[in-house]
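# Understanding the architecture of this molecule
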Amino acid sequence: MTSTGVPATVVVKGEYELAEGGRWADGRYVYVDILSGRLFELRDGFGSAPRQLARLDVPLGAVAPVGDRPGAWIAAAGTGIALLTADGTLEWLDRPEDRTPHPSRMNDGVADPAGRFWAGSMAYDGTHGAGSLYRTDADGTVVRVLDGLTIANGPAFTADGTTMYLADTAAGTILRCRVDPASGDLSGGPETFAQLRDGEGSPDGMTVDDEDCLWVAMWGAGAVRRYHSDGHLLHTLTVPAPHPTSVCLHPGDDRLFVTTARHGVRNPTSASGAVLSVPVPVAGTAACSWRGADAETNPPTVGATAPPTPTVHRSSPADTGQRPSRLV
């Protein structure tokens, strides 16, 4: 294993409490600021300011493009899964976290190569075992796939869609799941891919590169790790912010984009709560789309146009009773 400091460039200065969910989609880099419910894009070679695409009045954990509906997204938002239209309307598919005993919100999410959307959840107070992983199928059905997690984070898939990596951030664990691409079912239970020790940071957002290696943002450690598919640690990159939250590899430009958080940082710099760019020797792939059945002409009818927005508690660590690591 090698470890290096890297010449990271601040692409967007630190103005976000909890930037997350960085993805390369439709020729631009998109990301969210979870607690403020905002979605942004960066275009034009990253020489211009980010453009805000949407602002919700619930937390926004992550989005994926919707196939055949330009400008539309499927979103892990508030307490469930919704379609976010180009005009900013939310069409709820389901809000399963409304039915849980602990006040909770959705967290990170990603579409797989087969066109399904996967997203995790967490309790606001970090209650052990209160988080879940959900899968949204083409007909809009939202299925709880795993429970007993604490902070479900960073679903990431191999290019063939047969392997999913999932972090339980609070437990310091990266899980590996075998997935049947045809059905979306897990083949057996999750296995431990990596277990972090105290002081090594907590695994957050993840992505898989074009060599099938896993990149992991390490919250609390100011680092990004790269793992071989057999589980051994290949490389650790240090970054100039203590809380990196997600990683995204440019599909053809050998650059790694890293979102970071200001939250919980006592003396934040311009790199805390920023988007960073780091040169790396590998590439990634563009984000997959959620391919809902007849998405353009016949949107899923599992949920209707957004009902009255639920009251969602999103505030400071003092209000949530959380340590900084509990907000990722």
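Residue numbers run consecutively from 1 along every chain, following the written order of its sequence. The model is predicted, so local features are restricted to residues of pLDDT at least 70 and side-chain atom pairs to those at 80 or more, both for listing and for counting; the totals for chains, interfaces and linings are taken over all residues. Side-chain figures throughout are based on the complete set of non-hydrogen atoms in the structure, without hydrogens or water.

Turning our eyes to something else, we now look at the pairing of strand S17 (residues 173–178). Burial within S17 is extensive, with 5 of its 6 residues counted as buried. The pairing criterion for strands is at least two bridges between them, as found by DSSP. Strands are runs of DSSP state E lasting at least two residues, helices are runs of H or I lasting at least four, and both sets are numbered from the N terminus onward. Summarising the sheet, strand S16 (residues 163–168) and S17 pair through 6 bridges and their orientation is antiparallel. Within S17, the position partnered with Met-164 by the bridge is Cys-177. Hairpin remark: S16 followed by S17, antiparallel, with 4 residues in the connecting loop; positive phi at Gly-172, about 65°. Using a 1.4 Å probe on the protein chains alone, a residue whose accessible area is under 20% of its type maximum counts as buried, one over 50% counts as exposed, and one in between counts as partly exposed.

Turning our attention to the layout of surface pockets. Sizing a probe to match a water molecule and rolling it over the atoms shows the empty space that remains. The method works on a 1 Å grid over the protein atoms by themselves. A cavity is a set of points holding a 1.4 Å probe that cannot get out, a pocket is an open set with protein on both sides within 12 Å along at least five of seven lines, and residues with an atom within 4 Å of a point line them. Grid points are joined across faces, edges and corners, and a volume is the space filled by probe spheres set on the points. Computed from the structure, the largest pocket encloses a volume of approximately 380 Å³. Taken together, 26 residues make up the lining of the largest pocket; nearest its centre are Phe-157, Thr-207, Val-208, Thr-285 and Ala-286. Where the lining of the largest pocket is concerned, the elements lending two or more residues are strand S3 (19–25), strand S11 (104–111), strand S15 (152–157), strand S19 (202–208) and strand S23 (244–249).

With that out of the way, let us pick up the pattern of salt bridges. Salt bridge, as applied in this entry: a Lys or Arg side-chain nitrogen positioned within 4 Å of an Asp or Glu carboxyl oxygen. If you walk through the whole model with that rule in mind, you get 18 salt bridges. The partner of Asp-137 in a salt bridge is Arg-116, with the nearest N and O atoms 3.9 Å apart. In this pair, Asp-137 is assigned in the loop between strand S13 (131–136) and strand S14 (142–149) and Arg-116 in the loop between S11 and strand S12 (117–123), connecting sequence segments 21 residues apart. Considered together, Asp-137 and Arg-116 belong to a single accessibility category, that of buried residues. Here Arg-226 ties to Asp-209 by a salt bridge, and the two come within 2.9 Å at their closest N and O atoms. Here Arg-226, found in strand S21 (residues 223–227), pairs with Asp-209, found in the loop between S19 and strand S20 (214–219); they are 17 residues apart in sequence, far enough to count as distant. Comparing Arg-226 with Asp-209, the two get one shared label, buried.

Turning to the confidence of the model for the chain, a few remarks are in order. Counting all residues, the mean pLDDT for the chain is 88, and 86% of those residues have values of 70 or more. Each residue carries a pLDDT score, the predictor's confidence in it, ranging from 0 to 100. Note on definitions: a residue-residue contact is assigned when non-hydrogen atoms from the two residues lie within 4.5 Å. Below pLDDT 50 for its whole length, residues 295–326 participates in 73 contacts with residues either more than four positions away or in separate chains.

Turning our eyes to something else, we now look at the nonpolar core. In this text, buried Ala, Val, Leu, Ile, Met, Phe, Trp, Tyr and Cys residues form a nonpolar core when linked through side-chain atoms within 4.5 Å. Core analysis: the biggest nonpolar cluster contains 21 residues, and Leu-39, Leu-56, Leu-60, Trp-73, Ala-77 and Leu-84 have the highest contact counts within it. Among the elements of the structure, strand S4 (28–33), strand S7 (60–65), strand S8 (73–77), strand S9 (80–84) and strand S10 (90–94) are those that each provide at least two residues to this core. Tallying contributions element by element places S8 first for this core, with 3 residues. Excluding anything up to four places from it in sequence, Leu-60 contacts Val-32, Asp-33, Ile-34, Gly-37, Arg-38, Leu-39, Ala-75, Ala-76 and Ala-77. In terms of nonpolar packing, the next biggest core, distinct from the first, is built from 16 residues, Ala-217, Val-224, Val-278 and Val-282 among them.

Residues Asp-160, Asp-210, Asp-212 and Asp-254 make up a contiguous surface patch of negative charge. Secondary-structure assignment places Asp-212 in the loop between S19 and S20. Note on Asp-212: relative accessible area 36%, which makes it partly exposed. Residues with no salt bridge and a relative accessible area higher than 30% make up the patches, which join like charges within 9 Å and nonpolar side chains (Val, Leu, Ile, Met, Phe, Trp, Tyr) within 5 Å. Residue-level accessible areas treat just the shown protein chains as cover; the underlying method is Shrake-Rupley with a 1.4 Å probe. Residues counted as positive are Lys and Arg, residues counted as negative are Asp and Glu, and His and the chain ends are not counted. Taken as the charge location is NZ of Lys, CZ of Arg, CG of Asp or CD of Glu.

Of note, the phi angle at Asp-26 is positive, near 55°, even though the residue is not glycine. Structurally, Asp-26 is set in the loop between S3 and S4. You can call Asp-26 exposed: its relative accessible area is 57%. Residues other than glycine seldom take positive phi values, yet Asp-254 does so here, at roughly 50°.

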